[in-house]
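What follows is each chain in one-letter form.
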Amino acid sequence: MIQPIKGLPVIVTGTLLLLLAGFSSNSMALFEQNKPCDQRGVGKVLDEAKCVGRTVQSFPAADEDYYREMDYGITKDPQAVAKALEPYVPGISPEDAVKAAVIGRNNWIAWSAGNDRLWNKLGYESRGNLDFLKTLSSHPSLKFNRHNRWRYLGLVNEPCFKQASGPNKDRYGLWLDVRKKNCPKDPFENEEKYPGVKIGARGKNIPVGSFYGYASGIVGLRLFPNPDFDEEAEKRWDPERFYTDPSYYNDKNLVRPYRVGMSCGFCHVGPNPANPPKDPENPEWANLNSNPGAQYFWIDRIFTWTADPSDYPYQLFHTSRPGALDTSLVSSDYINNPRTMNAVYNLGARLAIAKRFGEEKLSGGSLDNKQLNEYVGADSPLSDYYKAPDTVWTPRVLKDGADSVGALGALNRVFINIGLFSEEWLEHFNPLIGGKKITPIPIKTARKNSIYWQVNESQTPNLALFFLASAKPDYLKNAPGGGKYLSEDAETLAKGKDVFAERCARCHSSKLPEKAFSFFPDGCVGKNYLSCWNGYWSWSKTEDFKKAMKRIVKQDDFLEDNFLSTELRIPVTLLETQACSPLATNAIRDNIWDNFSSESYKNLPSVGKYTVHHPLTGEPREFDMPAGGLGYTRPASLVSLWSTAPFLLNNSVGDFNPSPSVDARMQSFKDSITKMLWPEKRKGNVQYQTASGKMLPGWVDRTTATSYLRVPSGYVPELLEKVVDKISGGSLVGERGIELGPIPKGTPVNLLSGIDLDRRDGIIDRIKHKAQLLTLLLKIKKDLKSLPKDATDEQAAEAFADLVDPLVKASKCPDYIVNRGHYFGTDYLKDQDEPGLSDEEKMALIAFLKTM
């Protein structure tokens, strides 16, 4: 049985995990020491392809139109693709247009860029919580299988597969999906055309495979023969024990026969809103689109396959609502910050508004990003998005507008974040738990030492062309049964347009009065941005703006090629949304994504003081928002808004419905938009005061059960056992390992996940901060030491209560209310010169929003 450590400071967990991280890294080194090159250290490590002498030319881009039924079948119509790309690549032929789009889509859905190495490593780093080989399986012992994979995990079953009825002999006895005999072969598995990287055991006792891997039965996950699965590992492999025996599958030395690679499609391919599958567990390719984002993803169940509420990692991931994920999870910024995965709509309109509002200045490593003009002719408008030596016009894809170095740089950063050149990436931080100073990953190093990086750079231009051709709005009017939800009352729609023009368009339209652009000369980037923004915001409340905007909204083509966002950075002090997203530090100067954010982003001024609230009492206090890029959020696009509920940047406003049907989406839309415009109807477990002085209910994510941080015995190193033994005065390692806790039910999750271990101010302040953390640890130990051996949840909660305030003080983001903010059009907005809309005006606005 697991031996609990009663009275051990919960926050000491971080220290113990650092010991584990060091051990785990050593254990992985054991697996890798026989590879052709074993350099370690920043700037020295090579990727696996470079190690064995592969070239960029040996990784040809896949050109088979295997996914041709997806995305409304766009690639089946060469003339339509050429017409869509003609404005960006003048004179492009239908044949070349389709080829570019096909290569781009294959890159998005099938290409994992060698990241199977990362996800294999994270399985060990997560102490067995993450195990994609189980996620892919249908063994009877699991809570999930192919038949309930959509509803339980929110993952898209790949067409042409059926559920395993037993161990698959071709897959080392794993219960993996089986390809149907009447389906064509997966062209990406062609080992001759797409030869895999022969390294380690690959090509010896196991196949080499294709560099696209094998299809897995889940869209976006691909299987790769594990180069560490040598003859000794093969002899030890027991597929039944892998599913049923914790002492076997939790062994840190267990080598699995496959590594699992992840493509971008894993987080972005979803059901077509206007052509949803009748059975979401069994979609056809025609029911899927490449761009809507994984709106139904259950991260807590995917990243902790046991989904045990008594495990603290499950409680942490449980704060990610379906469709949301903390993208700084691996390269930890010590902020639990789940955000929705962005849909990719109207890329052309997004580029157009970037040319007006998206000017940025580059410096240092950010100058090394590839730009569109390097791939298109001088006659292409795409060549105008960079001007030497340091100016770029860029969409800002991330919620905080941090990826501000150009469209291609933003795309390449996505691939790194899911594991491209993880050999170097992981040298710059400790994955998942942190505790090590984070340093930037240089683009120059990636280009020099990673063949996968070079291949990826060569393919992202075609990926951009694919989205320019295919990422069109999904209109409710085109969805089956969608017409019944649309108003036919011209007066209501006219009133809705007026309301939208007056209150919404200033942030949610890429078509604006010409004067709007004068407030941001040369982008007005950098230290003066806030003054430019304030001038624009003040003007947007004038009759001058409202009259001009009404004329634009009432034009018949208003929604055509409209991104329905300005992409401007809005101060969180105005939005009043949770501050954890705009406080994310991964892209600030000298942090991991330094090379992928602009100099102008890094020079943004502070938005000032921001009111945050106590996680238990709701008591307000002021928090000084730092400068240097933090404190801003770009407005979300409202394209296809009817299909994207729940709302806010973390999907915290509105009910989630697991069905992708039109009726289910509209049920969620109705509930979500109601709670957006009537904030008093939002879910709450605490009352808090808005900047207007009025009170509202807010939701603080709290643990739903008594939980523990568990370390299975197979992952417990001897050093840690000795340390814990000295702390406790007795042996603590049992059959299942070590258990740290209890963490009482009802504990605000972010109290424990947001301890600031990354202070970057002056050396004196850093020393003071470390001293404060030490004092906090001692206080935790003292307060919890008195807990009896079999402490009840109530006793643990009582002991923990005195620790809440010190933990709030130590937090990097002391903003715990996740569904707060965006009070525009309501009575809760701070601006008294903009009274709330009437119920009639709100209903008219909703009627118009459904048409987007």
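About the criteria used
Residues numbered from 1 in each chain as written. Predicted model: local features only at pLDDT ≥ 70, side-chain atom pairs only at ≥ 80, totals over all residues. Heavy atoms only, no water. Salt bridge = Lys/Arg side-chain N within 4 Å of Asp/Glu carboxyl O. Helix = DSSP H or I, 4+ residues; strand = E, 2+ residues; numbered from the N terminus. Buried < 20%, exposed > 50% of the residue type's maximum accessible area, 1.4 Å probe, protein only. Contact = heavy atoms within 4.5 Å. Pairing = 2+ DSSP bridges. Phe/Tyr/Trp six-rings, centres within 6.5 Å; stacked < 30°, edge-to-face > 60°. Lys NZ or Arg CZ within 6 Å of the ring centre and 35° of its normal. pLDDT = per-residue confidence, 0-100. Axes fitted to C-alpha atoms, helices over the stretch in contact; angles between N-to-C directions. Left-handed = near helix turned anticlockwise from the far one by under 90°. Nonpolar A, V, L, I, M, F, W, Y, C, P; charged D, E, K, R; others polar. Disulfide = S-S within 2.5 Å.

Digging into the pattern of salt bridges
This model, assessed by the stated rule, comprises 38 salt bridges. Asp 71 is the salt-bridge partner of Arg 105, the closest N and O atoms lying 2.7 Å from each other. With Arg 105 in helix α4 (residues 94–109) and Asp 71 in the loop between α2 (48–51) and α3 (78–85), this pair connects stretches of sequence that are 34 residues apart. Grouping residues by exposure puts Arg 105 and Asp 71 together as buried. Note that Glu 514 is salt-bridged to Arg 356, the shortest N-O span being 2.5 Å. Separated by 158 residues along the polypeptide, Glu 514 in the loop between α19 (490–508) and α20 (529–539) and Arg 356 in helix α14 (residues 347–357) bring together distant segments of the chain. The class for Arg 356 is partly exposed, based on a relative accessible area of 34%. One connected set of salt bridges, linked through shared partners, spans Glu 48, Asp 116, Arg 202 and Arg 259.

A look at helix α5 (residues 116–125)
Counting buried residues along α5, 10 of its 10 residues qualify, which places the element largely inside the surrounding structure. Within α5, burial applies to Asp 116, Arg 117, Leu 118, Trp 119, Asn 120, Lys 121, Leu 122, Gly 123, Tyr 124 and Glu 125. Once α5 finishes, Arg 127 follows within two positions and takes phi at roughly 60°, a positive value.

A few points about the side chain of Lys 675
By the element assignment, Lys 675 lies in helix α24 (residues 662–677). Judged by its relative accessible area of 15%, Lys 675 falls in the buried class. Excluding residues that lie within four positions of it along the chain, Lys 675 makes contacts with Val 653, Gly 654, Asp 655, Lys 681 and Arg 682.

Quick word on the sheet that holds strand β12 (residues 386–387)
An order of β11-β13-β12 is seen for the three strands of this open sheet, with the pairing classed as antiparallel. Where the open sheet ends on each side, the last strands, each with one partner, are β11 (359–361) and β12. Bridge count between β11 and strand β13 (residues 391–393): three bridges; the pairing is antiparallel. Bridge pairing in β13 links Lys 361 to Thr 391.

Digging into the packing of aromatic side chains
The final tally for this structure, using the stated rule, is 52 aromatic pairs. An aromatic cluster is built from Phe 357, Phe 517, Phe 519, Phe 520, Tyr 529, Trp 533, Tyr 536, Trp 537, Trp 539, Phe 545, Tyr 632 and Phe 824, whose rings are joined through pairwise contacts. Across the ring face of Tyr 124, the terminal group of Arg 256 is positioned such that the distance to the ring centre comes to 6.0 Å. The ring of Phe 517 is capped by Arg 356, whose NZ or CZ atom sits 3.8 Å from the centre of that ring.

Concerning the confidence of the model for the protein
For residues with low pLDDT, the predicted coordinates do not support detailed interpretation. Scored by pLDDT, the protein comes out at a mean of 89, with 90% of its residues at no less than 70. Throughout residues 723–735 the model reports pLDDT below 50, and contacts reaching past four residues in sequence, or to other chains, amount to 23 contacts.

Considerations on the packing of α19 against helix α21 (residues 543–553)
Closest axis-to-axis distance for the α19/α21 pair is 9 Å, and the angle between their directions is 115°. In this structure, α19 meets α21 at a crossing whose hand is right-handed. Contact residues: α19 offers Lys 497, Asp 498, Phe 500, Ala 501, Glu 502, Ala 505 and Arg 506, while α21 offers Phe 545, Lys 546, Met 549, Lys 550 and Val 553. Its residues placed into classes, the contact of α19 with α21 shows six nonpolar, no polar and six charged.

A word on the state of the cysteines
Going through the model one piece at a time under the given rule, you end up with three disulfides. The disulfide that involves Cys 524 links it to Cys 532, with 1.8 Å between the sulfurs. The S-S bond linking Cys 524 to Cys 532 shows a torsion near 70°; that makes this disulfide right-handed. As far as burial versus exposure is concerned, Cys 524 and Cys 532 are alike and both buried. Paired through a disulfide, Cys 580 and Cys 813 show a sulfur-sulfur distance of 2.1 Å. One disulfide, between Cys 580 and Cys 813, carries an S-S torsion of -100° and so falls in the left-handed class.

Focus on the sheet that holds strand β4 (residues 214–215)
Spatially, three strands are ordered β4-β5-β6 in an open sheet, and the strand pairing comes out antiparallel. The sheet is open, and its two edges are formed by β4 and β6 (258–262), each paired on a single side. Taken together, the five bridges between strand β5 (residues 221–225) and β6 define a ladder with antiparallel strand orientation. Counterpart to Phe 224 in the pairing with β6 is Arg 259. Along the sheet, α5 contacts β5 and β6; its crossing angle with β6, the most-contacted strand, is approximately 115°.

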